[in-house]
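Read off the chains here:
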Amino acid sequence: MNARNTALTAPLDGTLQSIERSADPVFAQRMVGDGVMIEPSSELLLAPCSGTVSQLHDAHHAIAIKQPDGVEVLIHIGIDTVTLKGQGFEPKVALGQTVTQGQPLIQFNKQQIEAQGLSAQTVVLITTGEAIKTQTYPRQIIAQQDRLFEFALADNAEPADDVEWTGADTVTANVVIKNPQGLHARPAAQLVGVVKKFPVQVTLRNELNQRECLATSVTGIMGLQTKLNTALQVTVTGQDAQLAMNAIVEAVEKGLGEDVSPASAGQEVDEEFPVEAPLLQQGTLSADVLQGVKAAQGMAVGFLQVRSKQLPSYPTDGVDSAEEQQQLTYALSQATQGLQQLIEQLQKNQLTTQADVFSAHIELLDDPALISVAQTGIKDGLSAMAAWHLAYTTEAKKLAELDDPLLKARATDIADVGYRVMSLLLGVDEQNVSADAQTILVMDDITPSEIVSLDRESIVGLITIEGGSTSHAAILAGSLGLPYVVNVPSQITQQAAGTRVILNALKGTVQLAPSDAQVADFKTLQDTLARQLHIAQAQAHEAAITEDGVRIEVAANVGSVTDAINAAKAGADGIGLVRSEFLYMDRVSEPSLAEQTDVYRGLLNGIGAQRGCIIRTLDVGGDKPLAYLPMPAEENPFLGERGIRIGLNRPHMLRKQIRAILQAAGAGKPRIMFPMIASLDEFRAAKALVLEEQQRAGVEDLEIGIMVEVPSAALMAEQFATEVDFFSIGTNDLTQYTLAMDRGHPKLAAQVDALHPAVLALIKLTAQASQKHGKWTGICGSIASDPMAVPVLIGLGVTELSTGIPALALIKDKVRHLHMEDCKLLARTALSKGTAAEVRALLQHHAG
């Protein structure tokens, strides 16, 4: 085997010292890797080599560069500078960026570091195992002028890890990081030391950001971006898997060489006031009931089966860039063909909605953003597998970090497409997800492809630790009638395989190990609900009129022309909400006037010319970005430029949409609704544009309303009611704005309840104002689909309920069994309650 020498240049001015002089024993003992220490006199860190930024710590004190030859160089500025949490450090590059030798990496303030009593000693280390050549210390160095050190790089070296793990024992456990600053260099090195004592492969996964790495890489562990209390999933494979797992868990519990007592985390230890459990428990309703978030309605009794998926290992470095590119091109082509076949199969079975999801996946396979990142990676020396993995995981991470649930859900679609291509690159057979009879499947997350591949004869319910309630996977599960709950506490993965559970997706709950009596009661409830649904569906096309003659319009929420057709078939009195952003998303350019007109005409034809159709204008923003609508990053997108503000700031887009609606108006009864209206100025400006377009088109009769989802709109409903034609209350956003809780938050989602008395009071204000001025108020949030909530909503003065299509028949049936005076009394009582739980208890009692 031949060897060749390569060298790094000095990244800083200062005094070069042996690594053994480092004040940090982890570095001094070469636990991270061989290298040198610098006493810096300059404050701008320059790249000692060319390559790709493979790690950049959140505290910006440490950075790693991976060279095209696979060598990784770690530069760590200071001792314990992770505690500064980024103060005094300014990164000049980003993770994944390609850098050249001498390029500025990090600007740091040496005086600020030392003012905190910390050392600015900087180490430069080779983390991939190469040893540096002996040299003279100490000596003065000048950044980029002097050579830092040389090391030998072996040509045609054998892979460091050539162990075949297939068929070996595998164990999985969750650990919680107790280190105050997470797993920075020192505890990461300690963890690597523990792992290397055993002949096993260990994978770590950050449950929060979904980053993964092998536990033999210090920089990989640092790149997990852990913090105090971060949950890590540890998977160990090998003959000594359980022994290794025990050692890892014990080491993490003890702090991996650091003090992890409460005082070290900034918590005062007080024997009189010890640390207690949270006073408001989130995620766990009782010892045997876990709370999640409904993604697809339904109920099931079954037996838990926990499943994780892992791709086999693959080479990071490419052999020949042209060959690697050819492999990627072929895999992309095969993935497209596979999706086209799946679409044809779904369309043949009249599953158009499901087919539309995978049509969007084909578009993703041709996304220039994904393809260009992968191609650049191959040019930089990565294998096709590594380059594609970098491309799709980076894009998925960007979407997953957004605040909006709809856009977070698209991250799963990216991951689905990415996994499909990776499977083809690695030669992994895609098989249907099968299971034992009456299985309730538990996964970290699930992709749309996996949803349609489920063995529906055996799998009766689905639970995921992550995922979104508005994801494509959730939509598919709903269309297949599969009960699905997301954001369930990860402790469910610790339940024994085959544990019996009751999955109640209507409430978003999972009851563990119920008794035979509880199961019997639950099955009785299922049978009762099934009978009620059958009766309701038989009368679905009849009007929803209370016992004392008050008609309530029951409409549908839709997101496609197919939905409109299905809504009419299901008995909808109209469309209460068209989420028009479906026209704008998953594409590279704004839809044309002709395209929009055709779709709106299709919606009106689909629901029927005599039924109303409320079209919400484009509702996107910083939290729902469009590829062709560049917007600056916002600290809080939910309070930024979104909803109607986009249309007012870009009137050409709003005007085109309004014109398209008016051009289609002859096909039915369109109504226009503006989202996220917070002030009269916003409504008046938007309405003025509509009136201009009405005059131009010669369309006279057109109702214009607003979506009440901001508390200010409800509080000013009296003023708005003199100028709008109708109100439609978006209880999902109204609730989270009123309670200051993100409805997609894993810990708070269960508390974001539209039956909170404060939200009910805002609904009452809105309905009163509309009645006073001869207008009407509807609700298009998810609470309108809850039969238990119907009496209080219409008792508050709501005269239209816009529901999900599956709930139409049940909501109509519920209305027919109510008396308006009873509902008004119930509403007054509900407004006097103090919590959402008290309101729900009241409604439960009322329902009998």
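Before any of the text, the structure's been laid out above.
Residues numbered from 1 in each chain as written. Predicted model: local features only at pLDDT ≥ 70, side-chain atom pairs only at ≥ 80, totals over all residues. Heavy atoms only, no water.

(A) Local environment of the overall build of the protein. Assigned secondary structure in the protein consists of 26 helices and 34 strands. Taken over 848 residues, the protein has a buried fraction of 51%. By sequence separation, contacts in the protein at least 24 residues apart represent 70% of the contacts at least 6 residues apart. Counting every atom, the protein has about 36900 Å² of accessible surface; 50% of that belongs to carbon and sulfur. (Helix = DSSP H or I, 4+ residues; strand = E, 2+ residues; numbered from the N terminus. Buried < 20%, exposed > 50% of the residue type's maximum accessible area, 1.4 Å probe, protein only. Contact = heavy atoms within 4.5 Å. Areas by Shrake-Rupley, 256 points an atom, 1.4 Å probe, with all protein chains shown as cover.)

(B) Layout of the environment of Arg30. Examined against the element boundaries, Arg30 turns out to sit in the loop between helix H1 (25-28) and strand E3 (34-40). For Arg30, a relative accessible area of 36% puts it in the partly exposed group. The contact partners of Arg30, leaving out residues within four places of it in the chain, are Ile19 and Glu20.

(C) How the structure looks around the sheet that holds strand E9 (residues 98-99). Judged by pairing direction, the sheet is antiparallel, and its eight strands sit side by side in the order E9-E5-E6-E7-E11-E3-E2-E12 without closing on themselves. With one partner strand each, in any of the chains shown, E9 and strand E12 (139-141) form the two edges of the open sheet. Pairing of strand E6 (residues 62-66) with strand E7 (residues 72-77) involves five bridges; the strand directions are antiparallel. Across the sheet, residue Ile65 finds its bridge partner in E7, namely Val73. (Pairing = 2+ DSSP bridges.)

(D) Structural view of helix H24 (residues 808-816). Among the nine residues that make up H24, seven are buried, leaving the element largely enclosed by the rest of the structure. Those residues of H24 hidden inside the fold are in contact with helix H13 (516-538), strand E27 (553-558), helix H14 (561-569), helix H23 (790-795) and strand E34 (800-803).

(E) Quick look at the packing of aromatic side chains. Within this structure, the stated rule accounts for five aromatic pairs. An angle of 45° between the planes, with centres 6.1 Å apart, marks the rings of Trp388 and Tyr392 as tilted. Of the two residues, Trp388 and Tyr392 are both situated in helix H9 (residues 384-400); the distance of four residues between them amounts to about one turn of the helix. (Phe/Tyr/Trp six-rings, centres within 6.5 Å; stacked < 30°, edge-to-face > 60°.)

(F) Representation of the packing of helix H17 (residues 651-663) against helix H18 (residues 680-697) in the model. Packing of H17 against H18 brings their axes to within 10 Å, and their N-to-C directions diverge by 45°. Taken as axis vectors, H17 and H18 run oblique relative to one another. Handedness of the crossing formed by H17 with H18: right-handed. Contacts between H17 and H18 involve Pro651, Leu654, Arg655, Ile658, Arg659 and Leu662 on the former and, on the latter, Leu689, Val690, Glu692, Glu693, Gln694, Arg696 and Ala697. Here the residues of the contact of H17 with H18 sort into seven nonpolar, one polar and five charged. (Axes fitted to C-alpha atoms, helices over the stretch in contact; angles between N-to-C directions. Parallel < 35°, antiparallel > 145°, perpendicular 65-115°, else oblique. Left-handed = near helix turned anticlockwise from the far one by under 90°. Nonpolar A, V, L, I, M, F, W, Y, C, P; charged D, E, K, R; others polar.)

(G) Highlighting the sheet that holds strand E10 (residues 104-108). An order of E4-E10-E8 is seen for the three strands of this open sheet, with the pairing classed as antiparallel. What marks the edges here is a single partner per strand, and that holds for strand E4 (44-46) and strand E8 (89-91). The sheet shows a mean angle of 20° between the axes of neighbouring strands, direction not considered. Pairing analysis gives three bridges linking E8 to E10, with the strands arranged antiparallel. For Glu90, the partnering residue across the bridge sits in E10 and is Gln107.

(H) Fine view of the pairing of strand E33 (residues 776-779). Covered by surrounding structure in E33 are Trp776 and Gly778 together with Thr777 and Ile779, the residues of both alternating faces. Both E33 and E34 contribute to a ladder of two bridges, which runs parallel. In the strand pairing of E34, Ile779 is matched with Leu801. At this point the chain moves from E33, through H23, to the parallel E34, and the crossover so formed is right-handed. (Right-handed = clockwise from strand over helix to strand, strands pointing away.)

(I) Examining the nonpolar core more closely. Ranked by size, the top nonpolar core spans 88 residues in total, and within it Tyr600, Phe674, Phe720, Ile763, Ile779 and Leu801 carry the most contacts. Here this core takes six residues from H17, the largest share from any one element. Excluding residues that lie within four positions of it along the chain, Ile779 makes contacts with Ser728, Ile729, Thr731, Ile763, Ala784, Leu793, Val798, Glu800, Leu801 and Ser802. By size, the runner-up hydrophobic cluster in this structure holds 50 residues, among which are Leu370, Ala374, Ala384 and Leu454. (Core = buried A, V, L, I, M, F, W, Y, C linked by side-chain atoms within 4.5 Å.)

(J) Structural context of the environment of His361. Its location among the elements puts His361 in helix H7 (residues 352-365). We classify His361 as buried; its relative accessible area is 2%. Counting along the chain gives 56 residues from His361 to Val417, while the straight-line C-alpha distance between them is 6.4 Å. Aside from chain neighbours lying at most four places away, what touches His361 is Leu339, Asp413, Asp416, Val417 and Pro448.

(K) View of the pattern of salt bridges. Scanning the model with the defined rule gives 28 salt bridges in all. Across the pair Arg205 and Glu212 runs a salt bridge, and its minimum N-O distance is 3.3 Å. Overall, Arg205 belongs to the buried group, its relative accessible area being 9%. For the salt bridge of Glu682 with Arg645, the shortest nitrogen-to-oxygen distance reads 3.4 Å. Pair noted here: Glu682 is in helix H18 and Arg645 is in helix H16 (residues 644-649), with a separation of 37 residues, a long-range link. Since its relative accessible area comes to 13%, Glu682 is described here as buried. Judged by relative accessible area, Arg645 falls into the partly exposed class, the value being 22%. Because the salt bridges share partners, they merge into one network encompassing Arg655, Arg659, Glu692 and Glu693. (Salt bridge = Lys/Arg side-chain N within 4 Å of Asp/Glu carboxyl O.)

(L) Seen up close, the side chain of Glu682. Engagement of the side chain of Glu682 in a polar contact is seen with the side chain of Arg645, the distance being 3.4 Å. Filtering out sequence-adjacent residues up to four positions away, Glu682 remains in contact with Ile644, Arg645, Leu648, Met676 and Ile677. (Polar contact = N/O pair within 3.5 Å; in protein donor to acceptor, adjacent residues only side chain to side chain.)

(M) Expanded view of helix H22 (residues 757-772). Taking 1.5 Å per residue as the helical rise, H22 with its 16 residues ought to reach 22 Å, and the 22 Å between its terminal C-alpha atoms agrees with that figure. Burial in H22 covers these residues: Pro757, Val759, Leu760, Leu762, Ile763, Thr766, Ala767, Ala769 and Ser770. Of the residues trailing H22, Gly774 is marked for its positive phi of about 75°. (Expected span 1.5 Å × (residues − 1).)

(N) Structural detail: the pairing of E7. Counting buried residues along E7, six of its six residues qualify, which places the element largely inside the surrounding structure. Burial along E7 is two-sided: Glu72, Leu74 and His76 and Val73, Ile75 and Ile77, pointing in opposite directions, are all buried. Turn length for the E6-E7 hairpin, with the two strands adjacent in sequence and antiparallel, is five residues, and the turn residue Gly70 shows positive phi of about 95°. Where E7 lies against strand E11 (residues 122-126), five bridges are found, and the strand directions are antiparallel. Note that in E11 the partner of Leu74 across the bridge is Leu125.

(O) Focus on unusual backbone geometry. A positive phi angle, close to 55°, is found at Gln225, a residue other than glycine. Note that Gln225 resides in the loop between helix H4 (218-222) and strand E17 (231-237). Even without being glycine, Met676 reaches a positive phi, approximately 60°. Within the secondary structure, Met676 sits in the loop between strand E30 (669-674) and H18.

(P) View of the environment of Leu148. Relative to the elements of secondary structure, Leu148 occurs in strand E13 (residues 147-154). For Leu148, a relative accessible area of 0% translates into the label buried. Along the backbone, Leu148 and Thr9 are 139 residues apart, and their C-alpha atoms lie at a distance of 4.8 Å. Among residues more than four places away in sequence, those in contact with Leu148 are Leu8, Thr9, Ala10, Pro11, Leu16, Val36, Ile38, Val124, Gln135, Arg139 and Ile141.

Keep in mind these values describe shape, not function.
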